[in-house]
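Residue-level structure breakdown
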Amino acid sequence: MAESPTPHDHLFQALLEDPHRAGILLREQLPAEVAERMTDAPPQLEEGSFVDDELRPTRSDRLFTAGLKDGRSAFFYVLLEHKSEPDPRTPIQLLGYMSRIWERYAGQDRERLRHLPPIMPLVIYHGRQPWNVAQSVLDCIDADPVILALQQDFRYAVQPLRDQPYEALSADPAVRSALGALAHVFDREVDAATLARIFRDAPDWDTLEHRILAYIAQTFPTTQEAFDAALTQSKPERREDLTMTVAEEWRQEGKQEGEATMLIRLVERRFGEGAADPYRGQIEAADAQTLLRWFDQGLSAQTLNEVFQ
């Protein structure tokens, strides 16, 4: 069963659901030789996700189609890695996602199989640890140069957000605001000045603005006092309305923390101390309805797997 969307996924979706912003992100973050071959038309969002269900709490993805100046088209696959540290399996897993994209595109059409559009993968990473993972499966293969030359080089672009100054994240304020929120989520402390900078760039009266504020309220290591101070600095005329809008997110976060604590306690009472440790990432990312379902299943489950079905 697929996991419920996480706060990371909600923000990622709000950023990329607008074709214009998606085009800005792709042109700014992909290699220049790729961006210069794209037409000016906005990319088109394709339906579906290609990430395995068990990886949904730590990954979000979006697939776009865009025209190229030579008259052909290409797929642009954006993967958001929202783990605190890089996953060395990323190059191999990307190959699997690309294979699924091509399989869905071609279906049983043999002519399409002979003329597959290129897929340009882009990994957006905002974890705490530096990105130290190979950017091609070829870099992972242990073989001599002759055999390596026979391997296809599936290289992808990666943009470590934490390594960039805030102003360099994007020339577009809305895109910069969303990427800035992702860039600071794993900071041990976030001050009001940093929050105000992100809030100031968030587009007024836009779905993305709400998702940025909700994301910060749900995931940032900050206080409601710092949150209010940042709104006073950045959007004083709307501070009260925005605070009321996000207040429900704070209440929901507190409720879910309590439900998560009770689920962990139940699992460890039934299956032993530390039994919940391998599932903490899923528990922290789950919504209230999923936590309640797992708790109910945990009352009668005979194994840990049955709890988290």
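It should be noted that the structure appears before, not after, this text.
Okay, so let's go over this structure. (Residues numbered from 1 in each chain as written. Predicted model: local features only at pLDDT ≥ 70, side-chain atom pairs only at ≥ 80, totals over all residues. Heavy atoms only, no water.)

1. Description of the overall build of the protein chain
- Of the regular secondary structure elements, the protein chain holds 14 helices and five strands.
- Over its C-alpha atoms the protein chain spans a radius of gyration of 21 Å, differing by no more than 12% from the 19 Å that the globule rule assigns to 309 residues.
- Taking the principal axes of the C-alpha coordinates as reference, the protein chain spans close to 55 × 55 × 35 Å.
- Within the protein chain, the fraction of its 309 residues that count as buried is 48%.
- Surface summary for the protein chain: the accessible area is close to 15900 Å², and the carbon and sulfur share equals 49%.
- Of the side chains in the protein chain, 33 bear a positive and 52 a negative charge, and the two mean positions are spaced by 2 Å. (Helix = DSSP H or I, 4+ residues; strand = E, 2+ residues; numbered from the N terminus. Rg over C-alpha atoms; globule rule 2.2 N^0.38 Å. Buried < 20%, exposed > 50% of the residue type's maximum accessible area, 1.4 Å probe, protein only. Areas by Shrake-Rupley, 256 points an atom, 1.4 Å probe, with all protein chains shown as cover. Lys, Arg positive; Asp, Glu negative; His and termini not counted. Charge placed at Lys NZ, Arg CZ, Asp CG, Glu CD.)

2. Observations regarding the environment of Pro 221
- With respect to the helices, strands and loops of the structure, Pro 221 is situated in the loop between helix 9 (207–219) and helix 10 (224–234).
- Discounting residues that sit within four places of it in the chain, Pro 221 has contacts with Val 185, Asp 187, Arg 188, Glu 189 and Val 190. (Contact = heavy atoms within 4.5 Å.)

3. Some points on the pattern of salt bridges
- Under the criterion given, the structure shown has 16 salt bridges.
- One salt bridge in this structure joins Arg 62 and Asp 9, with 3.5 Å as the shortest N-O distance. With Arg 62 in strand 2 (residues 59–67) and Asp 9 in helix 1 (residues 7–16), this pair connects stretches of sequence that are 53 residues apart.
- Here Asp 9 falls in the buried class, since its relative accessible area comes to 15%.
- Look at the salt bridges and you will find they share partners, linking Asp 204, Glu 209, Lys 235 and Arg 238 into a network. (Salt bridge = Lys/Arg side-chain N within 4 Å of Asp/Glu carboxyl O.)

4. Overview of the environment of Glu 81
- With respect to the helices, strands and loops of the structure, Glu 81 is situated in strand 3 (residues 73–81).
- By relative accessible area, which is 0% here, Glu 81 ends up buried.
- Between the C-alpha atoms of Glu 81 and His 10, which are 71 residues apart in sequence, the distance is 14 Å.
- Not counting residues up to four positions away in its chain, the partners in contact with Glu 81 are Thr 58, Arg 59, Asp 87, Thr 90, Val 123, Ile 124, Tyr 125, His 126 and Trp 131.
- At 2.9 Å, the side chain of Glu 81 and the side chain of Thr 90 are in polar contact. (Polar contact = N/O pair within 3.5 Å; in protein donor to acceptor, adjacent residues only side chain to side chain.)

5. What to know about the packing of aromatic side chains
- In total, this model carries eight aromatic pairs according to the counting rule given.
- Ring centres of Trp 294 and Phe 308 lie 5.1 Å apart, and the angle between their planes is 70°; this geometry places the pair in the edge-to-face category. Of this pair, Trp 294 sits in helix 13 (residues 288–300) while Phe 308 sits in the segment after helix 14 (304–307), and the two are 14 residues apart along the sequence.
- Grouping aromatic residues by their ring pairs yields a cluster made of Phe 50, Tyr 77 and Tyr 97.
- Over the face of the ring belonging to Trp 205 we find Arg 238, whose NZ or CZ atom lies 3.8 Å from the ring centre. (Phe/Tyr/Trp six-rings, centres within 6.5 Å; stacked < 30°, edge-to-face > 60°. Lys NZ or Arg CZ within 6 Å of the ring centre and 35° of its normal.)

6. Some words on the pairing of strand 4 (residues 119–125)
- Among the seven residues that make up strand 4, six are buried, leaving the element largely enclosed by the rest of the structure.
- For strand 3 and strand 4, the ladder comprises seven bridges, and the chain directions are parallel. Each residue of the ladder has a partner; that of Phe 76, found in strand 4, is Met 120.
- Alignment of strand 4 against strand 5 (residues 157–160), held across four bridges, turns out to be parallel. (Pairing = 2+ DSSP bridges.)

7. A short note on helix 4 (residues 90–106)
- Look at helix 4: 24 Å from first C-alpha to last across 17 residues, which is about the 24 Å you get at 1.5 Å a residue.
- For helix 4, the set of buried residues is Thr 90, Pro 91, Gln 93, Leu 94, Tyr 97, Met 98, Ile 101, Trp 102 and Ala 106.
- Where helix 4 is buried, its residues meet strand 2, strand 3, helix 5 (110–114) and strand 4.
- Positive backbone phi, at 55°, marks Gly 107, one or two positions downstream of helix 4. (Expected span 1.5 Å × (residues − 1).)

8. Section: the packing of helix 2 (residues 19–29) against helix 7 (residues 173–184)
- In the contact formed by helix 2 and helix 7, the axes pass within 10 Å of each other and the chain directions differ by 70°. The angle between helix 2 and helix 7 places the two elements in the roughly perpendicular class. Taking contact as the criterion, the partners of Arg 21, Ile 24, Leu 25 and Gln 29 in helix 2 are, on helix 7, Ala 174, Val 175 and Leu 179.
- Broken down by class, the residue content of the contact of helix 2 with helix 7 amounts to five nonpolar, one polar and one charged. (Axes fitted to C-alpha atoms, helices over the stretch in contact; angles between N-to-C directions. Parallel < 35°, antiparallel > 145°, perpendicular 65-115°, else oblique. Nonpolar A, V, L, I, M, F, W, Y, C, P; charged D, E, K, R; others polar.)

9. Concerning the nonpolar core
- The biggest cluster of nonpolar side chains holds 53 residues, and the ones touching the most others in it are Phe 76, Ile 212 and Ile 216.
- Listed in part, the 19 residues of the second largest apolar core include Phe 50, Leu 63, Trp 102 and Val 133. (Core = buried A, V, L, I, M, F, W, Y, C linked by side-chain atoms within 4.5 Å.)

10. Here's the deal with the side chain of Gln 93
- Here Gln 93 is to be found in helix 4.
- Taking relative accessible area as the criterion, Gln 93 reaches 15% and is therefore assigned buried.
- Looking at Gln 93, its side chain comes within polar contact range of the side chain of Arg 59, at 2.4 Å.
- With near-sequence residues (within four places) excluded, Gln 93 lies in contact with Leu 55, Arg 59 and Asp 87.

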